Amino acid sequence: MGTYAMTGGATGIGAAIQQQLVDEGHRVIVVDIKDADVVADLSTRQGREYAVEELRSRAADGLDGYIPCAGLGPSVTPASLITQVNYFAAVETIEGVKDLLIKKGGSVVVISSNSAPMGADPDSVEACLQHDEVKACAIVDQLGEPQNAYGGSKLALTRWMRRNSTAYAASGVRLNAVAPGIVRTPLTDKVMADKALGQVMKDFADTVPVGSLGEPEQIADAVMFMLSDKASFMCGSVIFVDGGHDAMLRPDDF
Ligand code: NAD
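Quantities reported herein were computed from a predicted structural model and do not represent experimental measurements.

*Asks:* Just checking my understanding: could you explain the packing of aromatic side chains for this structure?
*Replies:* Here a ring pair, both rings aromatic, is described through the centre-centre distance and the interplanar angle of the planes. Tallied over the full model, the rule gives 2 aromatic pairs. Taken together, a centroid distance of 4.9 Å and an interplanar angle of 85 degrees make the contact between Tyr87 and Phe88 edge-to-face. When sorted by exposure, Tyr87 lands in the same class as Phe88, which is buried. Plain terms: the ring middles of Trp160 and Tyr168 are 6.0 Å apart, the flat faces sit at 70 degrees to each other, and that makes the pair edge-to-face. The same class applies to Trp160 and to Tyr168, which are both buried. One Lys or Arg, Lys98, reaches over the ring of Tyr168 and ends 4.3 Å from the middle of that ring.

Written as structure tokens, this is what we have:
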């Protein structure tokens, strides 16, 4: 059985992924700000460095897979926290365990969002891709729109994944993304309870084509497939698991 590492395994989608990996008999090392094997605040550079250091010593023989799932929703302030956790923590920890993944021909699944193509400030996205954390954070804090920072963080992360998938594949490591829609998790509960965003989100939730919100296990099912050998020809792909929302909003874009 394999060795997997992930972030954000304490609750929601991450907890479902962790459970499915354990159910298949794998060893899973979880990094999170709470209730984890490695407790680290991934919004900070020190937290990310500590997390990578711990993963490197706990999985020195290599990793079969890595899932940077920790994330903050579009109701969090300051907006820069979203950028730090959703983009910079994901990218820096993937790079930090890259050689462990190469050792075992592992694969990575990043957690995007169906909100990634819905519009975000292009300068903040570009600053992320240039790995300029100070600039990216300054832009999103000046805008003061957490929803924009959220979409931007996921757009940048997905572009990073696609831009790097060729080079990683040359080292035997597949990068892919899942783009969930609205899923019943603590993150979504917070957004629904938010004064500014709650009603908009509830109205949007009423339009999911399949008629209901997603469950964390439904996202984990897709992640498990992408991690597995059954997906060995899948590389640089983005799978939308969103009850049809992306197809409804962008029918001709694919
Ligand atoms: P969640 O709040 O249940 O889980 C997020 C996890 O990240 C938690 O375990 C939390 O403790 C951890 N985390 C947050 N900040 C951290 C930090 N600074 N350091 C370390 N860990 C931290 O939310 P979820 O909905 O399960 O979200 C999981 C992923 O799925 C996120 O990347 C999110 O953006 C993405 N996503 C969620 C939805 C949705 O509708 N729920 C939709 C699209 C994408």
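Further notes follow.
*Asks:* What should I look at first to understand the packing of helix H2 (residues 45–58) against helix H3 (residues 79–104) in this one?
*Replies:* A pair of packed helices is characterised by two quantities: the angle between their axes and the separation of those axes. One can describe the packing of H2 onto H3 by two numbers: an axis separation of 10 Å at closest approach and a directional angle of 30 degrees. In this view, H2 runs roughly parallel relative to H3, as classed from their interaxial angle. Of the two possible hands of crossing, H2 and H3 adopt the one that is right-handed. Contact with H2, carried on its side by Arg45, Arg48, Val52, Leu55 and Arg56, involves Gln84, Phe88, Ala89, Glu92, Thr93, Gly96, Val97, Asp99 and Leu100 of H3 and no other residues of that element. Classifying every residue of the contact of H2 with H3 by side-chain character gives 6 nonpolar, 3 polar and 5 charged.

*Asks:* Sorry, what's going on with the site of the ligand here?
*Replies:* Around the ligand, a shell composed of 30 residues is seen, among which Thr11, Ile13, Asp32, Val183 and Thr185 lie nearest. In this structure, an oxygen atom belonging to the ligand sits 2.6 Å away from a side-chain N or O atom of Asp32. In the environment of the ligand, an oxygen atom lies 3.0 Å from a nitrogen or oxygen atom belonging to the backbone of Cys69. Here the ligand is seated within the largest pocket. When contributions to the shell around the ligand are tallied by element, the ones reaching two or more residues are helix H1 (12–23), helix H6 (146–170) and helix H7 (186–192). In terms of residues, the shell around the ligand owes the most to one element, H7, which gives 3 residues. In terms of residue class, the shell around the ligand is made up of 16 nonpolar, 10 polar and 4 charged.

*Asks:* Whenever I open this one, the layout of surface pockets confuses me. Can you help?
*Replies:* The method is simple in principle: a probe with the dimensions of a water molecule rolls over the atoms, and the space it marks as empty is what remains. The calculated volume of the largest pocket comes to roughly 1,200 Å³. Elements represented by at least two residues in the lining of the largest pocket include exactly H1, H3, H6, H7 and helix H8 (198–205). Along the lines of polarity and charge, the residues of the lining of the largest pocket split into 24 nonpolar, 19 polar and 5 charged.

*Asks:* Please clarify how unusual backbone geometry should be interpreted in this entry.
*Replies:* Most peptide bonds are trans, and most residues other than glycine sit at a negative phi. Along the chain, Thr77 connects to Pro78 via a cis peptide bond; the corresponding omega equals -10 degrees. Positionally, Pro78 belongs in the loop between strand S4 (65–68) and H3. Despite not being glycine, Asp35 shows a phi value in the positive range, around 45 degrees. Mapped onto the elements of the fold, Asp35 is located in the loop between strand S2 (27–32) and strand S3 (38–39). A residue is classified by how much of its surface remains accessible, and Asp35, at 64% relative accessible area, is exposed. Even without glycine at this site, His131 takes up a positive phi of about 55 degrees. Relative accessible area serves as the criterion here: at 36%, His131 is assigned to the partly exposed category.

*Asks:* What is the right way to read a nonpolar patch on the surface from this model?
*Replies:* Taken together, the side chains of Met118, Met248 and Leu249 define a hydrophobic patch exposed on the protein surface, amounting to about 270 Å² of accessible area. With respect to the helices, strands and loops of the structure, Leu249 is situated in helix H10 (residues 245–249). Overall, the relative accessible area of 42% leaves Leu249 in the partly exposed class.

*Asks:* What am I meant to see in the pattern of salt bridges here?
*Replies:* If charged atoms from side chains of opposite charge come close, those side chains can pair. Using the criterion set out here, one finds 9 salt bridges in the structure. A salt bridge links Arg48 to Glu133, with the shortest nitrogen-to-oxygen separation between them at 2.9 Å. Here the residue Arg48 occupies a position in helix H2, and Glu133 occupies one in helix H5 (residues 133–143), the gap between them amounting to 85 residues. By the burial criterion, Arg48 is buried, and Glu133 matches it. Between Asp246 and Arg250 there is a salt bridge, with the nearest N and O atoms lying 2.7 Å from each other.

Definitions and cut-offs
- Each residue is numbered by its place in its chain's sequence as written, counting from 1.
- The predicted nature of this model means local features are confined to residues of pLDDT at least 70 and side-chain atom pairs, given and counted, to a pLDDT of 80 or more, with totals for whole chains, interfaces and linings taken over all residues.
- The side-chain quantities take in all heavy atoms of the structure and omit both hydrogens and water.
- Within 6.5 Å between ring centres, the rings of Phe, Tyr and Trp (the latter by its six-membered ring) count as paired, and their orientation is classed by plane angle as stacked under 30 degrees, edge-to-face over 60, tilted in between.
- Each residue is assigned to one of three classes by its accessible area relative to the maximum for its type, calculated with a 1.4 Å probe on protein chains only: buried under 20%, partly exposed between the two thresholds, exposed over 50%.
- The criterion for a charge sitting over a ring is simple: Lys NZ or Arg CZ within 6 Å of the ring centre, and within 35 degrees of the ring normal.
- Working convention: axes come from line fits to C-alpha atoms, limited for helices to the stretch in contact. Angles between N-to-C directions cover 0 to 180 degrees.
- Helical segments are the DSSP runs of H or I of at least four residues, strand segments are the runs of E of at least two, and each set is numbered from the N terminus.
- The labels follow the angle: roughly parallel below 35 degrees, roughly antiparallel above 145, roughly perpendicular from 65 to 115, and oblique for the rest.
- By convention, the crossing between two helices is left-handed when the near helix turns anticlockwise from the far helix through less than a right angle, and right-handed when the turn is clockwise.
- Only heavy atoms enter the contact rule, under which two residues are in contact if any of them lie within 4.5 Å.
- Gly falls in the polar group here, along with every residue not listed as nonpolar (Ala, Val, Leu, Ile, Met, Phe, Trp, Tyr, Cys, Pro) or charged (Asp, Glu, Lys, Arg).
- The nearness test applies per residue and asks whether one of its heavy atoms lies within 4 Å of the molecule or strand.
- As used in this structure description, the phrase polar contact means that two N or O atoms lie within 3.5 Å; if the pair is within protein, one of them must be able to donate a hydrogen and the other to accept it, and residues adjacent in sequence are counted only when both atoms belong to side chains.
- Using only the protein atoms, space was sampled on a 1 Å grid; points where a 1.4 Å probe fits but cannot get out form cavities, open sets with protein on both sides within 12 Å along at least five of seven lines form pockets, and lining residues are those with an atom within 4 Å of a point.
- Should more than half of a molecule's atoms lie within 2 Å of a pocket's or cavity's grid points, that molecule is taken to sit in it.
- Grid points are joined across faces, edges and corners, and a volume is the space filled by probe spheres set on the points.
- Patches draw on residues past 30% relative accessible area with no salt bridge. Two like charges within 9 Å are joined, as are two nonpolar side chains (Val, Leu, Ile, Met, Phe, Trp, Tyr) within 5 Å.
- Method for areas: the Shrake-Rupley scheme with a 1.4 Å probe, in which residue coverage is limited to the protein chains shown.
- The term salt bridge refers to a pairing of a side-chain nitrogen on Lys or Arg with a carboxyl oxygen on Asp or Glu at a separation within 4 Å.

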